[in-house]
Amino acid sequence: MKKPIIALTPAHNMDNDSLSLMPTYTRAVENAGGIPVIFPLEASKEDLTELANLCQGFIFTGGPDPHPFLWGEDIHKCCGPISVKRDQMELALLSIAMEQKKPILGICRGAQLINVGLGGDIYQDIDSQYHTVFPIAHQQPLPSTYTSHHIDVREGSLLAEISGTSGQIQVNSHHHQSIRKLAPGMIAGGVAPDGLIEEIEMKDYPFFIGVQWHPEYLYETDSTSKNLFKRFVDACSS
């Protein structure tokens, strides 16, 4: 059986207009049996469609904040760097991937962007917009290879299948934004102890999941993160 080709969206450095991607993403895909390729930032929808035709699955990676205009808000004072070019490319690619009914995985910003693209929204800044009795360290003071908080897994969700539990799993955490209103058709399969959504998925789709944590740093030691990439690549192979 041929290995599936997996498209990954790139990070965009707005200071020098360069593209990059942490090798943890490509290593995780290769470990799960896929062939990772990094997509260009500037491409017409026609060219993106041609490239998408060559791929069996799509990963929307982490990165800077989506532009709040996408869900009808002005920019909050705590909002971080924004790449309009990246927003535009990823939203176009999301539409193409869904038209082709191919597996989709969103990671951190990727999960947020997917939710926004399908009609949901996000908190622009958790600390100033979301309050709880015990604030979780969503920007953990630890390296990404360590976990920092738990997630309550929803029974019957895809995340429960992947993790093998409807109890709790451990995740790492590096984000100051978070999903607020779920997009139509999406459900939350995992929630942090403070109530913030940590995982989204779409039931009536071949494979569609977005996670707020960074499994690409955990797949070597954490079974849920390893199984997430394996299930995604397996879905891309079917």
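Conventions we followed
- Residues numbered from 1 in each chain as written.
- Predicted model: local features only at pLDDT ≥ 70, side-chain atom pairs only at ≥ 80, totals over all residues.
- Heavy atoms only, no water.
- Pairing = 2+ DSSP bridges.
- Helix = DSSP H or I, 4+ residues; strand = E, 2+ residues; numbered from the N terminus.
- Axes fitted to C-alpha atoms, helices over the stretch in contact; angles between N-to-C directions.
- Contact = heavy atoms within 4.5 Å.
- Buried < 20%, exposed > 50% of the residue type's maximum accessible area, 1.4 Å probe, protein only.
- Salt bridge = Lys/Arg side-chain N within 4 Å of Asp/Glu carboxyl O.
- Core = buried A, V, L, I, M, F, W, Y, C linked by side-chain atoms within 4.5 Å.

Structural notes on the sheet that holds strand 6 (residues 104-107)
(1) Moving on: The strand order across the open sheet built from nine strands is 4-1-5-6-13-12-11-8-9, with neighbouring strands paired in mixed fashion. The open sheet is flanked by strand 4 (35-38) and strand 9 (168-171), the only strands paired with a single partner. Adjacent strand axes in the sheet meet at a mean angle of 25°, parallel and antiparallel pairs treated alike.
(2) Moving on: In this sheet, strand 13 (residues 208-211) lies alongside strand 12 (residues 197-202) in antiparallel orientation, the contact comprising three bridges. When the sheet's bridge partners are listed, Glu-201 is paired in strand 13 with Ile-209.
(3) Moving on: Helix 3 (residues 84-99) contacts strand 5 (57-60), strand 6, strand 12 and strand 13 of the sheet and is inclined by roughly 150° relative to strand 5.

Notes on the pairing of strand 13
(1) Moving on: Judged by which residues are buried, strand 13 turns out to be covered on both faces: Phe-208 and Gly-210 on one side and Ile-209 and Val-211 on the other are all buried.
(2) Moving on: Between the antiparallel neighbours strand 12 and strand 13 lie five residues.

With respect to the pattern of salt bridges
(1) Moving on: For the coordinates displayed, the defined rule picks out nine salt bridges.
(2) Moving on: Between Glu-73 and Arg-180 there is a salt bridge whose closest N-O contact spans 2.6 Å. Here Glu-73, found in the loop between strand 5 and helix 3, pairs with Arg-180, found in the loop between strand 10 (178-179) and strand 11 (186-191); they are 107 residues apart in sequence, far enough to count as distant.
(3) Moving on: On the basis of relative accessible area, Glu-73 is assigned to the partly exposed category, the value being 21%.

Structural notes on the environment of Gln-88
(1) Moving on: Structurally, the position occupied by Gln-88 is in helix 3.
(2) Moving on: Its relative accessible area of 53% is what places Gln-88 among the exposed residues.

A look at the side chain of Thr-24
(1) Moving on: Within the secondary structure, Thr-24 is located in helix 1 (residues 23-31).
(2) Moving on: Judged by relative accessible area, which is 12%, Thr-24 ranks as buried.
(3) Moving on: Other than its neighbours up to four places away in sequence, Thr-24 contacts Glu-216, Tyr-217 and Tyr-219.

Regarding the nonpolar core
(1) Moving on: Core analysis: the biggest nonpolar cluster contains 31 residues, and Ile-59, Leu-105, Ile-107, Ile-209, Trp-213, Phe-229 and Phe-232 have the highest contact counts within it.
(2) Moving on: Contributing elements (two or more residues each) for this core: strand 1 (5-8), helix 1, strand 6, strand 8 (149-153), helix 6 (158-163), strand 9, strand 13 and helix 7 (223-237).
(3) Moving on: With six residues, helix 7 is the single largest residue contributor to this core.
(4) Moving on: If we ignore the near neighbours within four places in the chain, the residues touching Phe-232 are Ile-6, Gly-57, Phe-58, Ile-59, Pro-103, Ile-104, Leu-105 and Phe-207.
(5) Moving on: The next biggest cluster of nonpolar side chains, apart from the first, holds 27 residues, and it includes Ala-7, Leu-41, Ala-52 and Ile-122.

Details of unusual backbone geometry
(1) Moving on: Here the phi dihedral of Lys-101 falls at roughly 55°; this positive angle occurs in a residue that is not glycine.
(2) Moving on: Summarising the element assignment, Lys-101 is placed in the loop between helix 3 and strand 6.
(3) Moving on: On the basis of relative accessible area, Lys-101 is assigned to the partly exposed category, the value being 49%.
(4) Moving on: A positive phi angle is found at Cys-108, which is not glycine, with a value near 55°.
(5) Moving on: Along the chain, the position of Cys-108 falls in the loop between strand 6 and helix 4 (109-117).

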